[in-house]
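Listed below are the residues making up each chain.
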Amino acid sequence: MAWNFSFVLIAACALMASTVSAAPSKTAIKPRNQELRDAIEEYRVRFDELHTEKDQFLQFARTGLWATVRRMSEEVLVDLGETRNIVEYGFDDVRLEISLLIVEGNHNEQCLLDLVYEIVAEKVRLGEEISRCSAGTTDTKDSLPASFYEFLNLLQRISSSIAETTLYTFVSQNSVTDPERHLEFLQEAFEETDRAWNEEALPLMQFELDAMEYNRPLIVADNAECLQEIENDQQAFEDSIRQRIPSCL
């Protein structure tokens, strides 16, 4: 937002001059005040540049956060897909064996069919376990950056307000009667704002980004461990079915 603060100050000074009819027009604006107004305008530009700089860093932080979350999601989905395929197609061979025995007609057909029904029920159960692993991982994955997103949004609002700092000070500081104090206030505000961002906000933001990257492989590993139990269960159940087929002969 661009504001012509020189125009605001000139208008204010002109209004004051018009109320003092005895004052000569050539003394309505002192040269010293022009220098101060130029200095205040310079700080408006500096605050605007600071706002732009911090906005760029916030965009960098969002990009880094998005990249970490995306990479983590892709790794989790790969593991989920592999386990789903094992559950979906892992029983195909044993089911084919049972089907061939049923076709031969020399075995207890109902016994063999019961084994097939057990396989179907086990596939449903294992599918529910996959969903449980996925839900738990998703909750953990989504909750991790939630507070960081809130922090980024807070910093975004603060960054946006930086560009309007000079304008706000015209409300709290009387630039017409005491421009020196107004300028001093802007100097102090700029130094403190710059310090707070560089020494407090930015290190904390970098820490959050590092924490996200640190936790990414841990979350992926927890999901993989959950899925490995499902794959072990699938293999154990398949072995059990094979061992029970001779009882139907």
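Residues numbered from 1 in each chain as written. Predicted model: local features only at pLDDT ≥ 70, side-chain atom pairs only at ≥ 80, totals over all residues. Heavy atoms only, no water.

An unreviewed UniProt entry lists the protein under the name Protein TsetseEP domain-containing protein, with Anopheles minimus given as the organism.

(A) Spatial organisation of the packing of aromatic side chains. Overall, the coordinates contain five aromatic pairs when judged by the stated rule. Ring plane angle 80° and centroid distance 5.3 Å describe the contact between F47 and F190, whose orientation is recorded as edge-to-face. Here F190 lies in helix α6 (residues 179-244) and F47 lies in helix α2 (residues 31-89), a separation of 143 residues in the sequence. Each member of the pair F47 and F190 is classed as buried. Geometrically, the ring pair formed by F91 and F237 is edge-to-face, given 6.0 Å between the ring centres and 90° between the ring planes. (Phe/Tyr/Trp six-rings, centres within 6.5 Å; stacked < 30°, edge-to-face > 60°. Helix = DSSP H or I, 4+ residues; strand = E, 2+ residues; numbered from the N terminus. Buried < 20%, exposed > 50% of the residue type's maximum accessible area, 1.4 Å probe, protein only.)

(B) The side chain of R216, seen in detail. Take R216: it is sitting in helix α6. For R216, a relative accessible area of 8% corresponds to the buried category.

(C) Seen up close, the state of the cysteines. A complete count under the given rule lists two disulfides for this structure. Here C111 is linked by a disulfide to C248, with a sulfur-sulfur distance of 1.8 Å. Disulfide C111-C248: torsion about the S-S bond near -60°, hence left-handed. A residue pair is termed long-range when its members are at least 10 positions apart, and C111 in helix α4 (residues 109-162) and C248 in the segment after α6 qualify at 137 residues. (Disulfide = S-S within 2.5 Å.)

(D) Layout of α6. The terminal C-alpha atoms of α6 lie 94 Å apart, and with 66 residues this matches the ideal 98 Å at 1.5 Å per residue to within 8%. The sharpest bend along α6 measures roughly 35° and falls at W197. (Expected span 1.5 Å × (residues − 1). Bend = angle between axes of the 7 residues up to and from the residue.)

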